[in-house]
Amino acid sequence: MTKGNILIVGVLDKKGSTNISQAKSFMRFGWNVIPINYRTIIANYGYGTFENTLMYAVEKYRPSLVMFCKCNGVNPELVKRVTQRTKTWLWNPDPIQTIERCMEVVEHAKNATYSSCTGYGVAKWFAEQGVKNCYHIFDGLDYDIFKPVEPDESYRAEISFIGTRTAERDRFIDFLKAIGYDIKTYGQGYGKVVIDDEFAKVCCSSKFMLSINTYNDIECYFSNRLLRYMGCGACVLHYDPTETLKKVFDDGSEILFFKDESELQDKLKIKDPWKIGLNGMNKVLSSLTWDHTIANILNITGLL
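Residues numbered from 1 in each chain as written. Predicted model: local features only at pLDDT ≥ 70, side-chain atom pairs only at ≥ 80, totals over all residues. Heavy atoms only, no water.

Tell me about unusual backbone geometry, and name the residues and values.
Outside of glycine, negative phi angles account for most residues, and trans bonds account for most peptide bonds. Of note, Cys 71 is a non-glycine position whose phi angle comes to about 60°, a positive value. Topologically, Cys 71 is positioned in the loop between strand E3 (65-69) and helix H4 (76-83). Using a relative accessible area of 1% as the deciding quantity, one classes Cys 71 as buried. Phi is positive for Asp 196, close to 50°, though the residue is something other than glycine. Along the chain, Asp 196 turns up in helix H9 (residues 196-204). What makes Asp 196 buried here is its relative accessible area of 8%. (Helix = DSSP H or I, 4+ residues; strand = E, 2+ residues; numbered from the N terminus. Buried < 20%, exposed > 50% of the residue type's maximum accessible area, 1.4 Å probe, protein only.)

Quick look at the structure:
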């Protein structure tokens, strides 16, 4: 017996998507999740078919909540139409720089019943754009996937990095190589793309994981990749020039923060990095899983 239906307008048909993890958590709370894979529908059948499919699903399944997951390229008026029929939520996991290239997402937030951003600085920026109902809610860890696994010799390294290549990431990776560290890199522009189980193998086969966001000037913001590293029990070196994530994680005990090359080199001298990895894993399991995130959403919407 389920509590009712929740529609997720996002990407639930691509392995590695965080929307899949969101759906699993809603189901753990007893909800039936109906996926609306908007990008696939639009690509294969056109935008009009997507709008018709969504409105048909809203009328047929009478969802208690419709989650719009960023949904760049979607007409904000569609969000308004759905909001007239049920509660809606705009979920934004992206930094300000990304949303500035698709400002319709801000309009989605204005037209939704509720909205949230995973970065505190991003949520403040949304409020400055006129969004009145925006919460700061972190991403979550999918502990079914990103967990300690047996190390794999083919991934063994002192330091590993997973992510798309950027100039800022190159700067620190090149520095580490120059001072003699063995570092392996994965992701677009670096080499092999690793997701899910293989991602976990990389983390568990590395002494340290290097964590650098695509954009690093946003207050109290990090990508889901950081939680995935920590969920695997890895000792994480995270670049935080804003020095605001100390509000979330204990530097030196749960994670290692650095703001420049000199500090990064010093942090690598830490003894017993596995203890930091264990503490970090326990921290995210106790307060930063998708279950915690979804419980927050359900509580705000009165559906818990």
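Before we move on, could you go through empty space enclosed by the protein and cite the residues and values that matter?
If you walk through the whole model with that rule in mind, you get one cavity of 30 Å³ or more. For the largest cavity, the calculated volume is near 30 Å³. Lining the largest cavity, in full, are Asn 213, Tyr 215, Asn 216, Ile 218, Tyr 221, His 238, Tyr 239, Asp 240 and Pro 241. For the lining of the largest cavity, the per-class residue count stands at five nonpolar, three polar and one charged. (1 Å grid on protein atoms, 1.4 Å probe; cavity = no way out; pocket = protein on both sides within 12 Å on 5 of 7 lines; lining within 4 Å. Points joined across faces, edges and corners; volume = space filled by probe spheres on them. Nonpolar A, V, L, I, M, F, W, Y, C, P; charged D, E, K, R; others polar.)

Residues and numbers for the packing of aromatic side chains, please.
Scanning the model with the defined rule gives 15 aromatic pairs in all. Ring geometry for Phe 161 and Tyr 190: centres 5.9 Å apart, planes at 80°, overall edge-to-face. Of this pair, Phe 161 sits in strand E7 (residues 157-162) while Tyr 190 sits in the loop between strand E8 (183-186) and H9, and the two are 29 residues apart along the sequence. Given a relative accessible area of 16%, Tyr 190 falls into the buried group. Chaining the aromatic ring pairs together yields one cluster made of Tyr 38, Tyr 47 and Phe 50. (Phe/Tyr/Trp six-rings, centres within 6.5 Å; stacked < 30°, edge-to-face > 60°.)

Would you mind going over the layout of surface pockets in detail, with residue names and values included?
To find the voids left in a structure, one rolls a probe of water-molecule size over its atoms. Taken as a whole, the largest pocket holds about 1,200 Å³ of empty space. Forming the walls of the largest pocket are 38 residues, and the residues nearest its centre are Gly 16, Thr 18, Asp 94, Arg 225 and Arg 228. Contributing elements (two or more residues each) for the lining of the largest pocket: helix H1 (18-28), helix H2 (38-45), H9 and helix H10 (224-231). It is H10 that contributes the most residues to the lining of the largest pocket, three residues altogether. Split into classes, the residues belonging to the lining of the largest pocket amount to 14 nonpolar, 14 polar and ten charged.

Can you tell me about the nonpolar core, naming the residues and giving the values?
Counting residues in hydrophobic clusters, the biggest one holds 49 residues, and the most contacted among them are Ile 162, Leu 176, Leu 210, Tyr 229, Leu 237, Phe 249 and Leu 264. The element best represented in this core is H9, accounting for five residues. If we skip the residues at most four places from it in the chain, Ile 162 touches Tyr 186, Val 194, Phe 199, Val 202, Met 209, Arg 225 and Tyr 229. Counting 35 residues, the second-largest nonpolar core is a separate cluster that includes Tyr 38, Leu 54, Leu 90 and Val 105. (Core = buried A, V, L, I, M, F, W, Y, C linked by side-chain atoms within 4.5 Å. Contact = heavy atoms within 4.5 Å.)

Any chance you could break down helix H12 (residues 273-287) for me, citing the residues and the numbers?
Each α-helix turn comprises 3.6 residues. Residues three or four places apart therefore point the same way. If you check H12, its first and last C-alpha atoms are 22 Å apart, about what 15 residues at 1.5 Å a residue would give, namely 21 Å. Inspection of H12 places Pro 273, Ile 276, Gly 277, Gly 280, Met 281 and Val 284 among the buried residues, and these make up the whole buried set. Along the axis of H12, the buried positions cluster into a sector of 135°, meaning they face one direction only. Those residues of H12 that are buried lie in contact with strand E9 (206-211), H10, strand E10 (235-239) and strand E11 (256-258). (Expected span 1.5 Å × (residues − 1). Arc of directions from axis to C-beta.)

Explain the side chain of Thr 98 to me, using residue names and the numbers behind them.
Topologically, Thr 98 is positioned in helix H5 (residues 96-99). Excluding residues within four positions of it along the chain, Thr 98 makes contact with Lys 70 and Tyr 215.

An account of H10 is needed here, citing residue identities and associated values.
Summarising burial for H10: seven of the eight residues are buried, a large majority. Turning to H10, its buried residues are Asn 224, Leu 226, Leu 227, Arg 228, Tyr 229, Met 230 and Gly 231. One or two positions beyond H10, positive phi appears at Gly 233, with a value near 85°.

How would you sum up the pattern of salt bridges? Please name residues and give values.
Pairing of side chains with opposite charge becomes possible as their charged atoms draw close. The full count for this structure, using the stated rule, is 23 salt bridges. Across the pair Glu 219 and Lys 247 runs a salt bridge, and its minimum N-O distance is 3.4 Å. Taken together, the residues span a long stretch of sequence, with Glu 219 in the loop between E9 and H10 and Lys 247 in the loop between E10 and E11 at a distance of 28 residues. Accessibility expressed as a relative area gives 22% for Glu 219, which makes it partly exposed. The salt bridge involving Lys 267 is made with Asp 251; its shortest N-O contact spans 3.1 Å. Remark: Asp 251 occurs in the loop between E10 and E11 and Lys 267 occurs in helix H11 (residues 261-267); sequence separation between them is 16 residues. Members of the salt-bridge network, linked through shared partners, are Lys 24, Arg 28, Asp 142, Asp 144 and Asp 291. (Salt bridge = Lys/Arg side-chain N within 4 Å of Asp/Glu carboxyl O.)

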